[in-house]
Structures are given as structure tokens and as C-alpha cells.
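Take a look at the letters that make up each chain.
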Amino acid sequence: MPPTARALRVCCCLAALASCGLPRDSDHTLDRIRGGELRVGVTEHAPWVTVRDDRMDGIEPRLIEELARGLGARTVWRRGAEAQLLEALHRRELDIVAGGLTADSPWKGQVALTRPYFTDTTTGRTRVLAVSPGENAFLVHVERFLAPRERRGGETPDVGER
Amino acid sequence: MRIGRRFQFPPEQQEQRRKTVRLSWLSLALLTSTAIAVYLTLGQSEAMKTAWIEDLLALVPPIALIIAVRIENREPTERFPYGYFRAVSIAFLVISAVLLLAGAWLLFDSVMKLIEGARAPIGTMPVFGRPIWAGWAMIAALTYCVGIGVLLGRLKLPVAEKLNDRALAADADMNKAGWMSEGAAIVGIVLIGYGRWWGDAAAAAFISLNIVRDGWVNLRQVVTDLMDESPTKLGETELESLPGRIRAAAERLPWVEKAAVRLRESGHVIAGEVFLVPRVEENLVANVEAASETLCALDWRIYSLTVMPVSRLDGADMPRH
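Parameters and conventions
Residues numbered from 1 in each chain as written. Chains lettered and ligands numbered in written order. Predicted model: local features only at pLDDT ≥ 70, side-chain atom pairs only at ≥ 80, totals over all residues. Core = buried A, V, L, I, M, F, W, Y, C linked by C-beta atoms within 7 Å. Buried ≥ 20, exposed ≤ 12 C-beta atoms within 10 Å, placed from the backbone. Helix = DSSP H or I, 4+ residues; strand = E, 2+ residues; numbered from the N terminus. Contact = placed C-beta atoms within 7 Å. Domains from an automatic or database assignment. Nonpolar A, V, L, I, M, F, W, Y, C, P; charged D, E, K, R; others polar. Axes fitted to C-alpha atoms, helices over the stretch in contact; angles between N-to-C directions. Parallel < 35°, antiparallel > 145°, perpendicular 65-115°, else oblique. Left-handed = near helix turned anticlockwise from the far one by under 90°. Pairing = 2+ DSSP bridges.

Let's talk about the nonpolar core
At step 1: Grouped together as the largest cluster of nonpolar side chains are 111 residues, with contacts concentrated most on A:I96, A:V97, A:A98, A:A130, B:A185, B:I207 and B:V274.
At step 2: If you tally residues by element for this core, the top one is helix α6 (residues 166-193) of chain B, at 12 residues.
At step 3: A:V97 has contacts with A:G41, A:L85, A:L86, A:L89, A:L129 and A:A130, leaving out every residue within four places of it along the chain.

This is the structure in C-alpha cells:
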């Protein structure tokens with residue numbers, strides 16, 4: 001076998017070996033959440049996040065509850081201002097933040113924004129969730145969860161835009 | 001004798017120059033495609049961002065070369081009686097200064113990211129409707145860049161050697177540094193994949209060091225050129241033996257007692273002066289003209305050699321440094 005072909009085969013084998021279970025988290029977030037708890041930060045922002053008698057509701061908390069069920073995790077909610085929650089997320093004190101964030105959020109360098117789960121076709125604005133940066137296995141898990149649930153246009157009640 | 005003549009490259013070199021232009025256009029096309037590939041997969045990785053900027057910077061030398069080949073062989077004018085050969089050097093001065101600054105900035109940026117402990121999020125990317133990890137797309141784009149870089153470097157070096165073209169050699173060298181950087185970026189992405197967040201900024205720092213090195217090497221070369229350095233060997237700092245050979249050839253002429261030579265390199269060509277102490281002063285004008293022609297024939301790169309008869313030469317040997 002010529003050396004280049006052999007090198008190529010070795011590379012392919014290595015790549016195949018390496019690709020098992022990539023990416024991984026820097027801080028094992030996904031492993032910790034599975035069967036454990038999902039720490040969620042929420043800012044009220046109708047219709048994405050609404051709070052009624054201390055019960056979280058709205059589009060995003062419903063998605064997060066479903067995500068947590070899939071991971072066998074229970075949700076721990078923490079309410080706060082957007083800046084406060086996103087700073088905590090940056091420090092990895094939270095796992096995920098919901099608050100009707102958009103993809104062009106000025107926080108995108110500090111936290112990991114997911115791919116949009118909703119695109120408003122009239123304004124072109126896209127709604128995302130935020131997860132802690134560098135926890136790429138968790139980020140990929142959340143995005144794979146959101147992908148089949150992605151919506152466009154006016155299917156969602158468009159009220160309460162701040 | 002006519003001053004301000006156009007320099008005639010020998011046929012073989014003309015062929016190589018045409019090749020240089022073709023290679024530069026090829027570089028532009030291929031490097032644009034790699035820059036687009038990296039841009040599409042950019043994400044929030046520091047290493048990807050740095051590799052992308054290096055890709056863009058690698059576009060500049062081929063552009064400069066294409067322009068230089070057009071300008072440098074223009075006929076000398078009343079305003080620019082020495083011709084336009086220096087145009088190449090000026091272009092390279094600017095390029096290398098930009099490389100040095102951009103590299104220094106990117107190095108600062110990535111070291112700061114490393115100190116801050118910034119963790120690059122790399123999520124998914126839809127490929128044929130399925131969300132796959134974007135890291136794989138990045139690695140694929142970077143692998144394509146490595147292939148292009150290796151190819152371009154291999155095509156350019158032999159041409160640069162034949163033309164004794166420092167600019168093209170520097171360009172080929174940059175392609176090599178480029179694909180090594182892209183290799184480093186692949187390592188950075190794989191490290192992120194394994195949860196080693198520092199791999200990203202570390203790879204970016206390595207790439208910026210490469211850019212700084214590119215800038216420094218080019219800057220040193222072009223500054224020596226603008227300082228009228230005596231011709232040096234391609235890619236080395238050692239002086240060429242050409243001044244010595246011209247001097248020896250001059251001293252072998254029967255009517256010459258002693259000779260001194262100084263040469264300077266302007267872009268692709270060499271110019272300089274020859275001072276001769278004549279043994280006999282008969283036929284001096286004809287002798288000088290004949291000597292100029294003989295000595296010019298010693299190397300194809302000699303563009304203009306002024307031969308000057310003098311009554312005596314003191315201290316013809318200059319200090320080494």
C-alpha cells in the first residue's frame with residue numbers, strides 16, 4: 001500500500017474512533033443533569049416566559065420542562081433580571097436561561113446561544129435559549145431537542161413585545 | 001548607450017514570470033474558496049476566527065505580485081529615471097507591516113481569551129436537515145484549507161527559485177505557515193470536542209504567532225532591500241559572491257589594473273557601479289563600454305552597471321559589517 005493511502009486509512013480510523021461521543025462538556029454539565037437537576041434562570045417576558053402565582057409558564061418554560069423530562073431531571077427555577085441571570089450563566093452557576101432572548105443579544109460573546117427555536121417571519125427576529133459557554137455536549141443536546149420543535153411565522157401568539 | 005532602457009528578462013525568466021502571474025491568480029481563486037469555507041463554519045471559535053483572518057491576509061501577497069509584475073517593468077520615465085523596480089518593495093513593506101500588526105493584535109486577543117478563561121460554544125449545524133456538531137464542519141473546512149495550502153506552496157517554490165524571486169518565495173512561505181496554522185486550528189477544535197476549552201485560544205495564539213513571524217520575516221527582507229543591501233541568496237541572509245565575481249572579471253581585462261564593485265538589489269534586478277583604475281589610457285571610452293557589456297553578461301539580473309574609470313582606488317575592500 002502506498003504511504004499516502006496508508007496515512008489516509010490511519011487518519012480515517014482515528015477520526016472514526018475520535019468521533020464517538022464528541023463533543024464533550026468542559027464541566028460535565030450534561031452528565032450532571034441526567035437524572036439530577038437542571039438549573040434554569042427565568043426572566044418574565046410574555047409570551048415566552050410568564051409567571052402566574054409563582055408558577056412558570058409560557059413557551060420557553062414548557063420547552064424546558066419537556067427537555068428536563070427527557071433527561072430524567074427535575075427543574076430548579078431561579079427568577080431574576082436578564083443581566084444577573086446571564087452573568088450567573090457565564091459563571092456556570094446556571095445551566096440554561098429563558099427570557100425571550102434573541103439571536104442578536106449583546107450577550108452572545110459571554111454565553112452560548114442556541115440555534116433559534118422560533119423565527120418571526122414578519123420581523124425576522126429569532127428567539128433562542130442561552131446555555132453556559134463551553135458545555136458543548138449540553139449545547140448540542142439542547143439544539144437537537146429544539147430542532148424538531150422549531151417554528152416559524154405567526155403560529156405563536158405575538159403579544160407582549162417589550 | 002541609452003539610459004532609461006527597459007529591462008529585458010531572458011526568455012526562460014519571462015516564462016517563469018508568466019507562471020508567477022498564473023500562480024497568483026490561482027492562489028487568489030483557491031484562497032478565496034478557503035476563506036469562504038472557513039467563514040461559513042466560523043461559529044464562535046477563536047481559533048477559527050484567527051485562521052480565517054490569516055486566510056484573508058494570505059490573499060494580499062498574490063495581489064501585490066500581480067500588480068508588481070505589471071508595474072515593475074515599465075519603461076523608466078523622466079520622473080522615475082531608475083525605473084519602477086522598487087514598487088514591489090514598497091508593496092511588501094506595507095504588507096509586512098500589516099501582517100505584523102494584525103498578528104500582534106490577534107496574539108493579544110487570544111492570550112486575553114486564555115487568561116479570561118473564555119469558553120468557545122460550538123453547537124450544531126443543520127446538514128441535510130439533520131443537526132450535526134458544527135465542529136465537524138469546521139474540521140472539514142480546515143482540512144480543505146490545509147490541502148490548498150500544501151498545493152500552492154509546492155507549486156510556487158520551484159518558480160521562486162528559478163526567478164530568484166524573494167516576493168514569491170515569501171508568498172510560498174506564507175502558504176506553508178498558513179496550512180500549519182490551519183492544522184493547529186483543527187487540533188484546537190478537536191480539543192474543544194474533548195472538553196478542553198483552552199485548546200481553542202491556545203491554537204489561536206499559535207496561529208497569531210505564525211502571522212507575526214510572517215510579518216517579521218517579510219519586513220526584515222524588504223527593509224534590507226530598501227537599504228540597498230548587496231544581493232543575497234534566496235531565502236538566506238548570506239551575501240552572494242556576485243560582486244566578487246564581477247571584480248575578478250574586471251581585473252582580468254588586460255587594460256585594467258584594479259577594480260572595485262558595489263551592487264544593490266531592487267526587486268528582481270541588480271544595479272550598481274564598477275570603478276576601474278586603467279593600466280593604459282588609450283581607447284579608454286571604447287574599453288569602458290566594452291567592459292560594461294562584458295560585465296553585464298555575467299548575470300541575467302544585472303539591469304544597469306555604471307563603469308567609471310578612476311586614477312586610483314584607496315581601500316577598495318569595505319568592512320564586513
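A closer look at the domain arrangement of chain B
Interface size is commonly expressed as the accessible surface area that is lost when the partners come together.
Residue and element names in this part refer to chain B.
At step 1: Domain boundaries in chain B define domain 1 (11-226) and domain 2 (242-309).
At step 2: Here domain 1 and domain 2 have C-alpha centroids that lie 42 Å from each other.
At step 3: Residue-level contacts link 10 residues of domain 1 with seven residues of domain 2.
At step 4: Considering each element in turn, the side of domain 1 that touches domain 2 owes the most residues, three residues, to helix α4 (residues 86-116).
At step 5: The residue makeup of the side of domain 1 that touches domain 2, split by class, is three nonpolar, three polar and four charged.

Focus on the packing of helix α2 (residues 46-57) of chain B against helix α7 (residues 198-226) of chain B
All names here are of chain B.
At step 1: Their axes nearest at 7 Å, the elements α2 and α7 cross at an angle of 20°. The orientation of α2 with respect to α7, classified from their angle, is roughly parallel. Where α2 crosses over α7, the handedness of that crossing is left-handed. Of α7, the residues touching α2 (which contributes E46, A47, T50, A51, E54 and L57) are D200, A201, A203, A204, I207, S208 and I211.

Some remarks on the packing of helix α3 (residues 60-72) of chain B against α4(B)
Residues and elements named next belong to chain B.
At step 1: The geometry of α3 relative to α4 is characterised by a closest axis approach of 9 Å and an angle of 160° between their N-to-C directions. With respect to α4, the axis of α3 lies roughly antiparallel. The handedness of the crossing between α3 and α4 is right-handed. Packed against α3, whose contacting residues are V60, P61, A64, I67, A68, I71 and E72, the element α4 presents A87, V88, A91, F92 and I95 at the interface.
At step 2: When grouped by side-chain class, the residues that make up the contact of α3 with α4 number 11 nonpolar, no polar and one charged.

Side note on the environment of B:S230
All names here are of chain B.
At step 1: Inspection of the secondary structure assignment puts S230 in the loop between α7 and α8 (242-251).
At step 2: What makes S230 partly exposed here is the crowd of 17 C-beta atoms within 10 Å.
At step 3: The sequence separation of S230 and P121 amounts to 109 residues, and the corresponding C-alpha distance is 53 Å.
At step 4: In this view, S230 contacts L239, P243, L263 and R264; residues no more than four positions away in its chain are not counted.

Here's the deal with the sheet that holds strand β3 (residues 256-266) of chain B
Residues and elements named next belong to chain B.
At step 1: Reading across from one edge, β3-β4-β5 is the order of the three strands in this open sheet, with mixed pairing throughout. Both outer strands of the open sheet, β3 and β5 (302-309), are each paired with one neighbouring strand and no more. Each strand axis lies, on average, 15° off the axis of its neighbour in the sheet, ignoring direction.
At step 2: Sitting on the sheet, α8 is in contact with β3 and β4 (269-278), with an inclination near 150° to β3.

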